[in-house]
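# Overview (structure and organization)
This is what each chain is made of:
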Amino acid sequence: MSDSQATRVGLYNSEAPSAEQRNALTNGSVPVSVTGLGKMGLPLAAVYADVTGNVTGVDIDRAVVDQLTNGGCHITGEPELPELVSELVADGKFTATTDGAAAAQNARVHVVIVPTLIDENDQPDLSVMETAMRTIANGLEPGDIVIAESTLPPRSCVDRLLPVLEAESGLSLGEFGMAFCPERTASGRALEDIRGAYPKIVGGLDAESTRVAELIYGEINDNEIVTVSDATTAEAVKVFEGVYRDVNIGLANELARLTEEFDIDVTEAIDAANTQPFCEIHQPGAGVGGHCIPYYPRFVMGTVENETPVMEQARKTNEAMPHYTATHALDGLRAEGIDPEDAAVLVLGLTYRPGVDEIRATPALPIVEELDSAGTTVTAVDPVNSHTEPFEVAGATIVSMAELGEAYDAVVLVTPQPAFDDLDVPALGPTDADRRLVLVDGRQELKSLRDHDAIHYRGIGINV
């Protein structure tokens, strides 16, 4: 560590001119810890290290820390991230450790980006975040700032996290700062997003925390810095973004289920409606997955006393889409005179979105479970997915693209992976020329096949 790094400059309540504070941040004099080195945390830590030159990443997984220490990268599918991590480690700008307490004692800026999940009762689970805050509190000193980037239910910082920091550290807000600055990052483009694809939202528990957070992210993010009134408002911004998408998709899915009654292609109507600038209806589909959209409405619904009927109905609608998709396949089989118990069904795509090796809340899992429960023989393929066990337990046989056979009675497209682009779907169908392949297009990707003689096409929101 250089002499300038050894000075360990704090930014909160600093009387130095802003230019000097920015210089201290970017020359390594302000040690930074980033707790959580997962899909979003490692890219964030890497950008911080690239800008400040003095970052310690903290993770509880020893294998992850060992790999990073050796210049490796455990996160896949993120352009330029492995190369950046290797360079930062070689240059001494980024180190990793499982010793969160030691990292906290050295740091003056403490960034936390750990999972915030939903428990078995659909209530927000902040246990990982609270544990991280306890660890940081043991190294907290006057002049430090704690920044939460994980998505949180509104009022989490003021009601849940600040009390932990104050109780464990013996300090009070005003001696140290705290801000909420939510990640606005998508898998597969993390570095681009963190560096400035979108404006950065910052909100502090006090005015000085907001100032420091704005100063820090003015160096991290090349886009606009949007300061809001307080941390709770910033928490609400991030949750509202996810709620908007969930409700919008719920509307699209509800409209899609009117296809037969209207006798129209609902997706065509949606596309045409969206040519009006005040209309932006999302696309319907087989379900909503991932670590964001399915959970964020629960961060509101599970924490407020007021009723939230719009969010609740959207969740119910979206959670029902895997059943709707599986039913499409089973009804199609029966329409072709095939008993589901005698049918072989191929599921295409298991991850929650194309190109991302993540299955959290993926609609593919309940679709497989329902098809298996109906007695069909389920085969599944996804060249991106590495998490095979849950689908095997649900009743699917996992195969590679090279192992795909013929004579499937139905194909269900759940996630349109790029590897499927050249797939000859009609050739996957029955060898009996008098029988058609039931094709359930869960993402409107195979519309070109809806008039194919060998295909019984059933698209979500698409009339045939």
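Since we're looking at a predicted model, the values are computed, not measured. (Residues numbered from 1 in each chain as written. Predicted model: local features only at pLDDT ≥ 70, side-chain atom pairs only at ≥ 80, totals over all residues. Heavy atoms only, no water.)

## Concerning the nonpolar core
Short version of the rule: Side-chain atoms within 4.5 Å link the members of a nonpolar core, which is a set of buried Ala, Val, Leu, Ile, Met, Phe, Trp, Tyr and Cys residues. The buried label goes to any residue with under 20% of its type's maximum accessible area, the exposed label to any with over 50%, and the partly exposed label to all in between, with areas taken from a 1.4 Å probe on protein chains only. Helix numbers and strand numbers start at the N terminus; a helix is a DSSP run of H or I with at least 4 residues, a strand a run of E with at least 2. Contacts are assigned to residue pairs that have any heavy atoms within 4.5 Å of one another.
Tyr48, Phe94, Ile216 and Tyr217 are the most contacted members of the largest nonpolar core, which has 46 residues in total. Considering each element in turn, this core owes the most residues, 7 residues, to helix H3 (residues 41–52). In this structure, Tyr48 is in contact with Val32, Gly53, Val55, Val111, Ile147, Ile216, Tyr217 and Ile220, ignoring residues within four places of it in sequence. Val114, Leu152, Val164 and Ile201 belong to the second largest nonpolar core, which has 26 residues in total.

## A short note on the packing of aromatic side chains
Condition: Geometry of aromatic contacts follows a simple scheme: Phe, Tyr and Trp rings, the Trp one being its six-membered ring, pair when their centres are within 6.5 Å, and the pair is stacked under 30 degrees between planes, edge-to-face over 60, tilted otherwise.
Per the counting criterion, the structure on display carries 2 aromatic pairs. Ring centres 5.9 Å apart and planes at 80° place the aromatic pair Tyr48 and Tyr217 in the edge-to-face group. One end of the pair, Tyr48, is in helix H3; the other, Tyr217, is in helix H10 (residues 207–220), with 169 residues separating them in the sequence. Residues Tyr48 and Tyr217 agree in their burial class; the two are buried.

## Here's the deal with the packing of helix H7 (residues 127–137) against helix H8 (residues 156–169)
We count it as follows: Interaxial angle, 0 to 180 degrees, is taken between N-to-C directions of lines fitted to C-alpha atoms, where a helix line uses only the stretch in contact. Orientation is classified from the angle alone, with under 35 degrees giving roughly parallel, over 145 giving roughly antiparallel, 65 to 115 giving roughly perpendicular, and any other angle giving oblique. Crossing handedness: left-handed means the near helix sits turned counterclockwise from the far one by under a right angle, and right-handed means the same turn made clockwise. Three classes are used: nonpolar for Ala, Val, Leu, Ile, Met, Phe, Trp, Tyr, Cys and Pro, charged for Asp, Glu, Lys and Arg, and polar for all others, with Gly counted as polar.
At a closest axis distance of 8 Å, the pairing of H7 and H8 adopts a crossing angle of 30°. Judged by the inter-axis angle, H7 sits roughly parallel to H8. The crossing of H7 and H8 is right-handed. Residues Met129, Glu130, Met133, Arg134, Ile136 and Ala137 of H7 form the contact with H8, whose own contacting residues are Arg160, Leu161, Val164, Leu165, Glu168 and Ser169. Of the residues that constitute the contact of H7 with H8, the class distribution is 7 nonpolar, 1 polar and 4 charged.

## Quick look at the domain arrangement of the protein chain
For the record, the criterion: Each domain's extent was defined by an automatic or database domain assignment. When two parts are put together, the accessible area they lose, computed with a 1.4 Å probe and summed over both, is reported as buried area. By the criterion applied in these results, polar contacts are pairs of N or O atoms within 3.5 Å in which, for protein atoms, one can donate a hydrogen and the other can accept it, and in which residues neighboring in sequence qualify only through two side-chain atoms.
On domain assignment, one finds that the protein chain holds domain 1 (18–229) and domain 2 (320–459). Across the boundary between the two partners, domain 1 contributes 4 residues, which contact 6 residues of domain 2. When the buried area of domain 1 at its contact with domain 2 is split by residue, Lys39, Leu117 and Ser187 rank highest and sum to 77% of it. Linking domain 1 with domain 2 are 1 residue pair in polar contact (both at pLDDT 80 or more), by the criterion used here. The residue makeup of the side of domain 1 that touches domain 2, split by class, is 2 nonpolar, 1 polar and 1 charged.

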